[in-house]
Amino acid sequence: GGTFDLSGSKLTLSGDANLTGTTLTAPNVLEITGNATLTGAGTITAATLTLNNLALTLASTNLTVTNAVTIDNANEQIITAGNNLTLTAAPVMSLGQVTSSGGTVTMPAATTITSGTFDMSSTTLVLTGAGTFDLNTAVVTSPAILTLGGITTLANEDLSITTLNLTDFALTLNTANLTVANLVA
């Protein structure tokens, strides 16, 4: 139990942190200096996430990051383990991986992932706003559900999804193929 108030501060994780039963006020900056698992933090929002060529795993923790997250090293990873991840700004991803095995991953439609691994198995991927979601040469595992939050172009990837929620927006394919089991307009 207890209260852990990090508002306006930086939380540096050099290993695992179990915050189960703790009332947490989220930090402004979350920095990883050793591969880390963040457990039981509920839902936290940090302006900045710095991975430092390391992996962050979420366990019973939903994470929102408001500034762009840079993933540009093969060792950098965000592993949601079925929790929710919201990236308010488009990530800058050229290596590394974002892996989700459930839950919801939300990010801007105007995102380019130039390389790395983007594994959305059994996940709902929500693309916010309008723009081109370009998976370039990334290794991709399709999400279970794709939900649009604006007019979106899907580029450079073949996706096979269970459900497509257009939510009254248009989806354009540009050098991409899409297989959909259930269409919800």
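Residues numbered from 1 in each chain as written. Predicted model: local features only at pLDDT ≥ 70, side-chain atom pairs only at ≥ 80, totals over all residues. Heavy atoms only, no water.

Asker: Help me out: how do you make sense of the side chain of T80 in this one?
Answerer: Note on placement: T80 falls in the loop between β10 (77–79) and β11 (85–87). Classification of T80 by relative accessible area gives buried; the value is 0%. In terms of polar contacts, T80 uses its side chain to reach the side chain of S100, at 2.8 Å. For T80, the residues in contact, after removing those within four places along its chain, are L58, L85, T99, S100, S101, G102 and V105. (Helix = DSSP H or I, 4+ residues; strand = E, 2+ residues; numbered from the N terminus. Buried < 20%, exposed > 50% of the residue type's maximum accessible area, 1.4 Å probe, protein only. Polar contact = N/O pair within 3.5 Å; in protein donor to acceptor, adjacent residues only side chain to side chain. Contact = heavy atoms within 4.5 Å.)

Asker: Would you take a moment to explain the packing of aromatic side chains for this structure?
Answerer: What describes a pair of aromatic rings is the distance from one ring centre to the other and the angle between the planes of the rings. For the coordinates displayed, the defined rule picks out one aromatic pair. For the ring pair F118 and F133, a centre distance of 5.9 Å and an interplane angle of 55° mean the geometry is tilted. You can see F118 sitting in strand β16 (residues 117–119) and its partner F133 sitting in strand β18 (residues 131–134), a full 15 residues away along the chain. Side by side, F118 and F133 carry an identical accessibility label, which is buried. (Phe/Tyr/Trp six-rings, centres within 6.5 Å; stacked < 30°, edge-to-face > 60°.)

Asker: Where do I start with the environment of E76 in this structure?
Answerer: Locating E76 in the fold gives a position in the loop between β9 (70–71) and β10. Along the sequence, E76 and I145 sit 69 residues apart, while their C-alpha atoms lie 25 Å from each other. Not counting chain neighbours up to four residues away, the residues in contact with E76 comprise L51, N52, N53, L54, T70, I71, G96 and Q97. Within the structure, E76 has its side chain in polar contact with the backbone nitrogen of N53 (distance 2.9 Å).

Asker: Looking at this structure, I do not really get the sheet that holds strand β21 (residues 152–155). What am I missing?
Answerer: What links the strands of a sheet is backbone hydrogen bonding, and the strands pair in either a parallel or an antiparallel sense. The strand order across the open sheet formed by four strands is β15-β18-β21-β23, and the pairing between neighbours is parallel. Unpaired on one side and paired on the other, β15 (111–112) and β23 (171–174) mark the two borders of the sheet. Across two bridges, the pairing between β15 and β18 is parallel. Looking at β18, one finds that T112 is bridged to D134. (Pairing = 2+ DSSP bridges.)

Asker: Just to check I follow, could you spell out the sheet that holds strand β5 (residues 29–32) for this structure?
Answerer: Pairing in this open sheet of three strands is parallel, and the strands run β2-β5-β7 from one edge to the other. The open sheet terminates on both sides in strands that have one partner only, identified here as β2 (10–13) and β7 (48–50). The mean angle between the axes of side-by-side strands here comes to 10°, regardless of whether they run parallel or antiparallel. Across three bridges, β5 lies against β7 in parallel orientation. For L30, the partnering residue across the bridge sits in β7 and is L49. (Axes fitted to C-alpha atoms, helices over the stretch in contact; angles between N-to-C directions.)

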